[in-house]
Amino acid sequence: MCFLRRCEDYFTGAFDPPPGIHSVGEHVQLEIAIYLDKVQNNNVRKLQRLIFNCLLKRETCITGCNNMFDIDLVELGSYKELQGGNIALPNGYSSILDPIYNKLPPDCIKLNSQVTKIKWPSGIDNGTDSEDSDKTVIEVGGEDVTNETVYVHCNEKIYEADSIICTLPLGILKSNDIFYPKLPKYKEKSIGRLLYGVVDKIFLYYDRPFLSEDTDEILLLWDSDEIGDWSEKIYSFSKVNDTLLLGWLSGNEAEIMEKLDDKIIGDKCTEVLRRFLNDPCIPYPSKCMCTRWKSNEFSLGSYTAIGVGSSQLDIEHIARPMHVNNNTIPIITFAGEHTHPNFYSTVHGAYLSGRAAAEMLIVCKREDEPLNTAVTDLSSWIQGLPLV
(Lines give C-alpha, C1' and ligand atoms only; values in the text may rest on other atoms or scores of the structure.)
Protein backbone atom coordinates (compact mmCIF):
# COMPACT_ATOMS: atom_id res chain seq x y z
CA MET A 1 0.00 0.00 0.00
CA CYS A 2 1.63 3.24 -1.16
CA PHE A 3 0.56 5.14 1.98
CA LEU A 4 2.73 2.83 4.10
CA ARG A 5 6.02 3.67 2.38
CA ARG A 6 6.37 6.93 4.28
CA CYS A 7 6.50 4.92 7.54
CA GLU A 8 10.03 3.81 6.68
CA ASP A 9 11.03 7.48 6.47
CA TYR A 10 9.44 8.11 9.87
CA PHE A 11 11.42 5.24 11.37
CA THR A 12 14.75 6.42 9.97
CA GLY A 13 14.03 10.00 10.97
CA ALA A 14 14.04 11.33 7.41
CA PHE A 15 10.60 12.84 8.08
CA ASP A 16 8.58 13.57 11.20
CA PRO A 17 5.09 12.06 11.45
CA PRO A 18 2.12 14.45 11.44
CA PRO A 19 1.38 15.95 14.89
CA GLY A 20 -0.97 13.84 16.99
CA ILE A 21 -0.78 10.83 14.66
CA HIS A 22 0.56 7.76 16.48
CA SER A 23 -0.85 4.74 14.65
CA VAL A 24 -0.62 3.45 11.11
CA GLY A 25 -4.42 3.47 10.94
CA GLU A 26 -4.63 7.18 11.76
CA HIS A 27 -1.94 7.98 9.22
CA VAL A 28 -3.51 5.92 6.42
CA GLN A 29 -6.99 7.32 7.03
CA LEU A 30 -5.56 10.85 6.84
CA GLU A 31 -3.81 10.04 3.56
CA ILE A 32 -6.94 8.39 2.16
CA ALA A 33 -9.08 11.39 3.06
CA ILE A 34 -6.65 13.75 1.31
CA TYR A 35 -6.56 11.50 -1.74
CA LEU A 36 -10.33 11.01 -2.03
CA ASP A 37 -11.01 14.70 -1.49
CA LYS A 38 -9.53 15.27 -4.96
CA VAL A 39 -11.91 12.77 -6.62
CA GLN A 40 -14.90 14.57 -8.08
CA ASN A 41 -17.12 11.67 -9.15
CA ASN A 42 -19.10 10.30 -6.18
CA ASN A 43 -19.32 6.76 -7.57
CA VAL A 44 -15.60 6.62 -8.29
CA ARG A 45 -14.84 8.02 -4.83
CA LYS A 46 -17.03 5.36 -3.19
CA LEU A 47 -15.43 2.56 -5.20
CA GLN A 48 -11.94 3.74 -4.35
CA ARG A 49 -12.88 3.96 -0.68
CA LEU A 50 -14.04 0.34 -0.75
CA ILE A 51 -10.78 -0.71 -2.40
CA PHE A 52 -8.80 1.08 0.29
CA ASN A 53 -10.84 -0.71 2.99
CA CYS A 54 -10.14 -4.05 1.31
CA LEU A 55 -6.41 -3.35 1.17
CA LEU A 56 -6.38 -2.33 4.82
CA LYS A 57 -7.94 -5.68 5.74
CA ARG A 58 -5.23 -7.37 3.72
CA GLU A 59 -2.62 -5.35 5.60
CA THR A 60 -3.98 -6.51 8.97
CA CYS A 61 -3.28 -10.09 7.88
CA ILE A 62 0.22 -9.20 6.71
CA THR A 63 0.99 -7.24 9.86
CA GLY A 64 -0.83 -9.53 12.28
CA CYS A 65 -3.31 -7.27 14.06
CA ASN A 66 -7.02 -6.58 14.51
CA ASN A 67 -6.83 -3.23 12.68
CA MET A 68 -4.09 -0.84 11.67
CA PHE A 69 -4.98 1.56 14.48
CA ASP A 70 -3.21 -0.97 16.73
CA ILE A 71 0.15 -0.58 14.95
CA ASP A 72 2.74 2.02 15.90
CA LEU A 73 3.29 4.47 13.05
CA VAL A 74 7.03 5.02 13.47
CA GLU A 75 7.94 1.45 14.37
CA LEU A 76 6.29 -0.07 11.30
CA GLY A 77 9.44 0.92 9.45
CA SER A 78 11.53 -1.40 11.63
CA TYR A 79 10.21 -4.36 9.63
CA LYS A 80 12.32 -5.26 6.60
CA GLU A 81 11.01 -7.05 3.52
CA LEU A 82 13.23 -9.72 1.98
CA GLN A 83 13.70 -9.45 -1.76
CA GLY A 84 12.60 -12.28 -4.03
CA GLY A 85 9.04 -12.96 -2.94
CA ASN A 86 7.58 -15.93 -1.11
CA ILE A 87 8.75 -19.52 -1.50
CA ALA A 88 6.32 -22.41 -1.78
CA LEU A 89 7.14 -25.62 0.09
CA PRO A 90 5.19 -28.43 -1.61
CA ASN A 91 6.02 -30.81 1.23
CA GLY A 92 5.30 -28.26 3.93
CA TYR A 93 7.75 -27.37 6.69
CA SER A 94 9.07 -30.92 6.61
CA SER A 95 11.25 -29.61 3.78
CA ILE A 96 13.00 -27.46 6.36
CA LEU A 97 12.93 -29.75 9.37
CA ASP A 98 13.75 -33.16 7.86
CA PRO A 99 17.26 -32.28 6.56
CA ILE A 100 18.14 -30.98 10.03
CA TYR A 101 16.47 -33.84 11.90
CA ASN A 102 18.21 -36.48 9.81
CA LYS A 103 21.61 -35.20 10.96
CA LEU A 104 20.77 -35.42 14.66
CA PRO A 105 21.56 -38.40 16.93
CA PRO A 106 18.68 -40.85 17.41
CA ASP A 107 16.17 -40.08 20.16
CA CYS A 108 17.61 -36.64 20.94
CA ILE A 109 14.27 -34.96 20.14
CA LYS A 110 11.61 -35.61 22.76
CA LEU A 111 8.13 -35.54 21.21
CA ASN A 112 4.83 -35.13 23.07
CA SER A 113 6.65 -33.39 25.93
CA GLN A 114 4.82 -30.22 26.88
CA VAL A 115 6.99 -27.79 28.83
CA THR A 116 5.11 -26.75 31.96
CA LYS A 117 7.81 -24.95 33.94
CA ILE A 118 11.36 -23.68 33.53
CA LYS A 119 13.35 -23.17 36.76
CA TRP A 120 16.49 -21.07 36.35
CA PRO A 121 18.52 -21.68 38.46
CA SER A 122 16.80 -24.02 40.92
CA GLY A 123 15.67 -22.52 44.19
CA ILE A 124 15.87 -18.83 43.25
CA ASP A 125 12.77 -17.03 44.48
CA ASN A 126 13.61 -13.47 43.52
CA GLY A 127 16.25 -11.50 41.71
CA THR A 128 17.35 -8.07 40.61
CA ASP A 129 18.23 -6.86 37.17
CA SER A 130 21.76 -5.67 36.59
CA GLU A 131 22.34 -2.28 35.01
CA ASP A 132 24.76 -4.02 32.64
CA SER A 133 23.20 -3.69 29.17
CA ASP A 134 24.56 -7.05 28.06
CA LYS A 135 23.75 -9.30 31.00
CA THR A 136 21.13 -9.97 33.62
CA VAL A 137 22.85 -11.02 36.85
CA ILE A 138 20.67 -12.86 39.35
CA GLU A 139 21.62 -12.46 43.01
CA VAL A 140 19.95 -13.91 46.10
CA GLY A 141 20.61 -12.21 49.40
CA GLY A 142 23.79 -10.71 47.97
CA GLU A 143 25.37 -14.14 47.61
CA ASP A 144 26.41 -16.00 44.49
CA VAL A 145 24.15 -18.77 43.28
CA THR A 146 25.97 -22.06 43.40
CA ASN A 147 23.40 -24.14 41.52
CA GLU A 148 23.48 -22.88 37.93
CA THR A 149 21.37 -25.64 36.43
CA VAL A 150 18.22 -25.02 34.44
CA TYR A 151 15.38 -27.45 35.15
CA VAL A 152 12.85 -27.94 32.36
CA HIS A 153 9.64 -29.61 33.57
CA CYS A 154 7.82 -31.66 30.92
CA ASN A 155 4.73 -33.42 32.20
CA GLU A 156 6.14 -35.86 34.78
CA LYS A 157 9.78 -35.71 33.62
CA ILE A 158 12.39 -33.08 34.47
CA TYR A 159 15.38 -32.32 32.22
CA GLU A 160 18.54 -30.64 33.51
CA ALA A 161 20.72 -28.35 31.39
CA ASP A 162 23.59 -25.91 31.74
CA SER A 163 22.00 -23.65 29.12
CA ILE A 164 18.76 -23.61 27.16
CA ILE A 165 17.46 -21.84 24.06
CA CYS A 166 13.86 -20.82 24.66
CA THR A 167 11.75 -20.62 21.50
CA LEU A 168 8.35 -20.49 23.18
CA PRO A 169 6.01 -18.27 21.11
CA LEU A 170 5.24 -14.78 22.31
CA GLY A 171 1.65 -15.85 23.00
CA ILE A 172 2.88 -18.41 25.52
CA LEU A 173 5.27 -15.92 27.12
CA LYS A 174 2.36 -13.48 27.46
CA SER A 175 -0.08 -15.89 29.06
CA ASN A 176 2.01 -18.31 31.08
CA ASP A 177 3.92 -18.13 34.34
CA ILE A 178 6.17 -20.79 32.90
CA PHE A 179 9.40 -19.34 34.31
CA TYR A 180 10.31 -19.76 37.96
CA PRO A 181 11.35 -17.32 39.17
CA LYS A 182 9.65 -14.89 36.80
CA LEU A 183 11.62 -13.27 34.03
CA PRO A 184 13.30 -9.92 34.79
CA LYS A 185 10.91 -6.99 34.83
CA TYR A 186 12.34 -5.42 31.67
CA LYS A 187 11.54 -8.62 29.76
CA GLU A 188 8.05 -8.93 31.23
CA LYS A 189 7.22 -5.32 30.33
CA SER A 190 8.43 -5.79 26.75
CA ILE A 191 6.49 -9.04 26.41
CA GLY A 192 3.38 -7.21 27.60
CA ARG A 193 3.80 -4.26 25.22
CA LEU A 194 4.28 -6.21 21.98
CA LEU A 195 1.23 -7.41 20.05
CA TYR A 196 0.68 -11.06 19.24
CA GLY A 197 -2.08 -11.08 16.66
CA VAL A 198 -4.42 -13.68 15.23
CA VAL A 199 -4.34 -14.42 11.50
CA ASP A 200 -6.17 -17.43 10.09
CA LYS A 201 -6.60 -19.14 6.74
CA ILE A 202 -9.75 -20.75 5.35
CA PHE A 203 -9.23 -23.47 2.73
CA LEU A 204 -12.18 -24.41 0.53
CA TYR A 205 -11.84 -27.68 -1.41
CA TYR A 206 -14.09 -28.45 -4.41
CA ASP A 207 -14.73 -31.55 -6.49
CA ARG A 208 -14.63 -29.59 -9.72
CA PRO A 209 -13.52 -26.12 -10.90
CA PHE A 210 -16.16 -23.38 -11.12
CA LEU A 211 -14.09 -20.21 -11.63
CA SER A 212 -12.83 -19.15 -15.05
CA GLU A 213 -9.21 -19.94 -15.83
CA ASP A 214 -8.22 -16.26 -15.92
CA THR A 215 -9.54 -15.59 -12.39
CA ASP A 216 -6.78 -15.69 -9.77
CA GLU A 217 -8.39 -13.80 -6.93
CA ILE A 218 -11.80 -12.45 -5.90
CA LEU A 219 -11.49 -9.18 -3.98
CA LEU A 220 -14.40 -8.58 -1.62
CA LEU A 221 -15.39 -4.90 -1.53
CA TRP A 222 -17.78 -4.86 1.40
CA ASP A 223 -20.22 -1.93 1.16
CA SER A 224 -19.64 -0.70 4.71
CA ASP A 225 -16.85 0.71 6.84
CA GLU A 226 -18.21 -1.19 9.84
CA ILE A 227 -17.84 -4.96 10.18
CA GLY A 228 -21.00 -6.78 11.20
CA ASP A 229 -20.58 -10.52 10.65
CA TRP A 230 -17.18 -12.16 11.12
CA SER A 231 -17.09 -13.09 7.43
CA GLU A 232 -16.92 -9.40 6.45
CA LYS A 233 -13.30 -9.35 7.62
CA ILE A 234 -12.37 -11.71 4.74
CA TYR A 235 -10.85 -9.45 2.10
CA SER A 236 -10.50 -11.98 -0.75
CA PHE A 237 -10.57 -15.57 -1.94
CA SER A 238 -7.49 -16.47 -3.95
CA LYS A 239 -7.15 -19.47 -6.21
CA VAL A 240 -4.47 -21.90 -5.01
CA ASN A 241 -5.41 -24.23 -7.83
CA ASP A 242 -8.54 -24.93 -9.88
CA THR A 243 -10.30 -26.73 -7.02
CA LEU A 244 -8.87 -24.98 -3.96
CA LEU A 245 -9.63 -21.45 -2.71
CA LEU A 246 -7.93 -19.63 0.14
CA GLY A 247 -9.41 -16.90 2.32
CA TRP A 248 -7.68 -14.85 5.02
CA LEU A 249 -8.96 -12.98 8.05
CA SER A 250 -7.47 -11.52 11.21
CA GLY A 251 -8.17 -10.13 14.64
CA ASN A 252 -11.43 -10.38 16.57
CA GLU A 253 -13.29 -11.85 13.61
CA ALA A 254 -10.69 -14.61 13.28
CA GLU A 255 -11.20 -15.49 16.94
CA ILE A 256 -14.97 -15.74 16.35
CA MET A 257 -14.41 -17.92 13.28
CA GLU A 258 -12.18 -20.30 15.24
CA LYS A 259 -15.06 -21.24 17.52
CA LEU A 260 -17.29 -22.32 14.61
CA ASP A 261 -17.60 -25.74 13.00
CA ASP A 262 -15.82 -26.15 9.65
CA LYS A 263 -19.11 -26.84 7.85
CA ILE A 264 -20.67 -23.64 9.17
CA ILE A 265 -17.61 -21.72 7.98
CA GLY A 266 -17.77 -23.37 4.55
CA ASP A 267 -21.48 -22.57 4.24
CA LYS A 268 -20.89 -18.93 5.18
CA CYS A 269 -18.07 -18.62 2.63
CA THR A 270 -20.36 -20.08 -0.03
CA GLU A 271 -22.96 -17.46 0.86
CA VAL A 272 -20.31 -14.75 0.45
CA LEU A 273 -19.10 -16.09 -2.89
CA ARG A 274 -22.64 -16.37 -4.26
CA ARG A 275 -23.33 -12.79 -3.22
CA PHE A 276 -20.20 -11.26 -4.73
CA LEU A 277 -20.24 -13.36 -7.91
CA ASN A 278 -24.01 -12.94 -8.22
CA ASP A 279 -24.34 -16.65 -8.88
CA PRO A 280 -26.67 -18.81 -6.73
CA CYS A 281 -25.20 -21.94 -8.29
CA ILE A 282 -21.76 -21.62 -6.70
CA PRO A 283 -21.24 -25.08 -5.15
CA TYR A 284 -20.64 -25.79 -1.51
CA PRO A 285 -17.08 -26.97 -0.84
CA SER A 286 -16.59 -30.70 -0.43
CA LYS A 287 -14.33 -29.87 2.49
CA CYS A 288 -13.46 -26.79 4.52
CA MET A 289 -10.33 -26.59 6.65
CA CYS A 290 -9.24 -23.68 8.83
CA THR A 291 -6.27 -22.72 10.92
CA ARG A 292 -7.03 -21.88 14.55
CA TRP A 293 -3.90 -20.26 15.89
CA LYS A 294 -5.53 -18.44 18.79
CA SER A 295 -7.19 -21.64 20.01
CA ASN A 296 -3.95 -23.62 19.74
CA GLU A 297 -2.67 -23.98 23.30
CA PHE A 298 0.91 -24.14 22.07
CA SER A 299 0.82 -20.81 20.21
CA LEU A 300 -2.17 -18.71 21.40
CA GLY A 301 -1.82 -16.52 18.33
CA SER A 302 -0.05 -16.16 15.02
CA TYR A 303 2.88 -13.74 15.00
CA THR A 304 4.34 -10.57 16.45
CA ALA A 305 3.54 -6.95 15.63
CA ILE A 306 4.78 -3.72 17.18
CA GLY A 307 1.75 -1.98 18.63
CA VAL A 308 1.28 1.63 19.63
CA GLY A 309 3.48 2.27 22.64
CA SER A 310 5.92 -0.54 21.92
CA SER A 311 9.12 -0.44 19.89
CA GLN A 312 11.91 -2.42 18.30
CA LEU A 313 13.69 -2.11 21.64
CA ASP A 314 11.08 -4.42 23.18
CA ILE A 315 12.05 -7.14 20.73
CA GLU A 316 15.70 -6.61 21.61
CA HIS A 317 14.87 -6.85 25.32
CA ILE A 318 13.17 -10.20 24.85
CA ALA A 319 16.05 -11.48 22.74
CA ARG A 320 18.72 -10.47 25.27
CA PRO A 321 20.42 -13.57 26.75
CA MET A 322 20.30 -14.07 30.53
CA HIS A 323 23.46 -14.71 32.55
CA VAL A 324 24.05 -15.59 36.20
CA ASN A 325 27.08 -14.87 38.35
CA ASN A 326 28.80 -12.97 35.54
CA ASN A 327 29.29 -16.17 33.56
CA THR A 328 30.12 -15.63 29.92
CA ILE A 329 27.84 -18.51 28.92
CA PRO A 330 24.18 -17.45 29.10
CA ILE A 331 21.91 -19.67 31.11
CA ILE A 332 18.88 -18.84 28.92
CA THR A 333 19.00 -17.64 25.33
CA PHE A 334 15.85 -16.63 23.44
CA ALA A 335 14.93 -17.25 19.80
CA GLY A 336 11.86 -17.18 17.58
CA GLU A 337 10.24 -14.71 15.20
CA HIS A 338 9.45 -12.41 18.14
CA THR A 339 13.18 -11.97 18.86
CA HIS A 340 14.32 -10.74 15.44
CA PRO A 341 14.39 -6.91 15.27
CA ASN A 342 13.67 -6.69 11.53
CA PHE A 343 12.16 -10.02 10.44
CA TYR A 344 9.64 -10.50 13.24
CA SER A 345 6.47 -12.36 12.16
CA THR A 346 8.37 -14.44 9.57
CA VAL A 347 9.75 -17.96 9.20
CA HIS A 348 13.14 -16.64 8.12
CA GLY A 349 13.21 -14.42 11.21
CA ALA A 350 12.59 -17.46 13.40
CA TYR A 351 15.28 -19.43 11.58
CA LEU A 352 17.90 -16.69 11.75
CA SER A 353 17.29 -16.00 15.44
CA GLY A 354 17.53 -19.69 16.29
CA ARG A 355 20.72 -20.06 14.31
CA ALA A 356 22.23 -16.99 15.98
CA ALA A 357 21.34 -18.29 19.46
CA ALA A 358 22.89 -21.69 18.75
CA GLU A 359 26.02 -20.12 17.28
CA MET A 360 26.43 -17.88 20.31
CA LEU A 361 26.38 -20.87 22.66
CA ILE A 362 28.85 -22.73 20.48
CA VAL A 363 31.23 -19.77 20.42
CA CYS A 364 30.94 -19.31 24.21
CA LYS A 365 31.65 -22.96 24.94
CA ARG A 366 34.28 -23.58 22.26
CA GLU A 367 36.34 -20.43 22.18
CA ASP A 368 39.35 -22.26 20.77
CA GLU A 369 37.45 -23.74 17.83
CA PRO A 370 36.43 -21.64 14.80
CA LEU A 371 32.75 -21.78 13.86
CA ASN A 372 31.84 -23.39 10.55
CA THR A 373 29.92 -20.62 8.76
CA ALA A 374 29.43 -22.44 5.45
CA VAL A 375 25.63 -22.37 5.67
CA THR A 376 24.92 -19.57 8.13
CA ASP A 377 23.57 -17.09 5.59
CA LEU A 378 19.91 -17.19 4.63
CA SER A 379 20.39 -17.54 0.88
CA SER A 380 22.57 -20.64 1.26
CA TRP A 381 20.02 -22.18 3.57
CA ILE A 382 17.14 -21.50 1.17
CA GLN A 383 19.07 -22.88 -1.80
CA GLY A 384 19.56 -26.11 0.12
CA LEU A 385 15.84 -26.70 0.64
CA PRO A 386 14.02 -29.28 -1.50
CA LEU A 387 11.41 -27.02 -3.09
CA VAL A 388 10.18 -29.38 -5.79
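Everything that follows concerns the structure shown earlier in this document.
Caption draft 1: A look at the nonpolar core. Counting residues in hydrophobic clusters, the biggest one holds 26 residues, and the most contacted among them are Val150, Leu168, Phe179, Ile332 and Phe334. For this core, the secondary structure elements donating two or more residues are strand 2 (150-154), strand 4 (164-166), helix 5 (170-175), helix 9 (312-319) and strand 13 (332-334). Beyond its immediate chain neighbours, meaning those up to four positions away, phenylalanine 334 contacts Cys166, Phe179, Leu183, Lys187, Ile318, Ala319, Arg320, Met322, Thr339 and Ala357. One finds Leu245, Leu249, Ala254 and Ile265 within the second-largest nonpolar core, a separate group that totals 22 residues.

Caption draft 2: Expanded view of the layout of surface pockets. Size it by volume and the second largest pocket reaches roughly 440 Å³. If you trace the second largest pocket, you find 18 residues lining it, with Leu56, Asn67, Phe69, Asp225 and Ile227 closest to the centre. Only helix 2 (24-36) and helix 3 (42-63) provide two or more residues apiece to the lining of the second largest pocket. For the lining of the second largest pocket, a count of residues per class yields five nonpolar, seven polar and six charged.

Caption draft 3: Up close: the environment of serine 212. Structurally, the position occupied by serine 212 is in the loop between strand 7 (199-205) and strand 8 (217-219). Judged by relative accessible area, which is 38%, serine 212 ranks as partly exposed. Expressed as a C-alpha distance, the spacing of serine 212 and aspartate 242, which sit 30 residues apart in the sequence, is 8.9 Å. For serine 212, the side chain forms a polar contact with the side chain of threonine 215, separated by 2.7 Å.

Caption draft 4: Main features of the state of the cysteines. Applying the stated criterion across every chain, the model contains zero disulfides. Here cysteine 288 is not cross-linked by a disulfide; its sulfur's nearest cysteine counterpart is in cysteine 290, at 3.8 Å.

Caption draft 5: Just the sheet that holds strand 8, in detail. One open sheet holds the five strands; their spatial order is 8-9-10-7-11, and the pairing between them is antiparallel. Single-partner strands in this sheet number two, and they are strand 8 and strand 11 (287-290). Strand-to-strand twist in this sheet, taken as the mean axis angle between neighbours without regard to direction, amounts to 20 degrees. Where strand 7 lies against strand 11, four bridges are found, and the strand directions are antiparallel. Pairing of phenylalanine 203 across the sheet is with methionine 289, part of strand 11. Of the strands in this sheet, strand 7, strand 10 (244-250) and strand 11 touch helix 7 (residues 251-258), which is tilted by about 120 degrees from strand 10. In the packing of helix 8 (residues 262-277) onto the sheet, the strands contacted are strand 7, strand 8, strand 9 (236-241), strand 10 and strand 11, and the crossing angle to strand 11 comes to about 105 degrees.

Conventions and cut-offs
- Residues numbered from 1 in each chain as written.
- Predicted model: local features only at pLDDT ≥ 70, side-chain atom pairs only at ≥ 80, totals over all residues.
- Heavy atoms only, no water.
- Core = buried A, V, L, I, M, F, W, Y, C linked by side-chain atoms within 4.5 Å.
- Buried < 20%, exposed > 50% of the residue type's maximum accessible area, 1.4 Å probe, protein only.
- Helix = DSSP H or I, 4+ residues; strand = E, 2+ residues; numbered from the N terminus.
- Contact = heavy atoms within 4.5 Å.
- 1 Å grid on protein atoms, 1.4 Å probe; cavity = no way out; pocket = protein on both sides within 12 Å on 5 of 7 lines; lining within 4 Å.
- Points joined across faces, edges and corners; volume = space filled by probe spheres on them.
- Nonpolar A, V, L, I, M, F, W, Y, C, P; charged D, E, K, R; others polar.
- Polar contact = N/O pair within 3.5 Å; in protein donor to acceptor, adjacent residues only side chain to side chain.
- Disulfide = S-S within 2.5 Å.
- Pairing = 2+ DSSP bridges.
- Axes fitted to C-alpha atoms, helices over the stretch in contact; angles between N-to-C directions.

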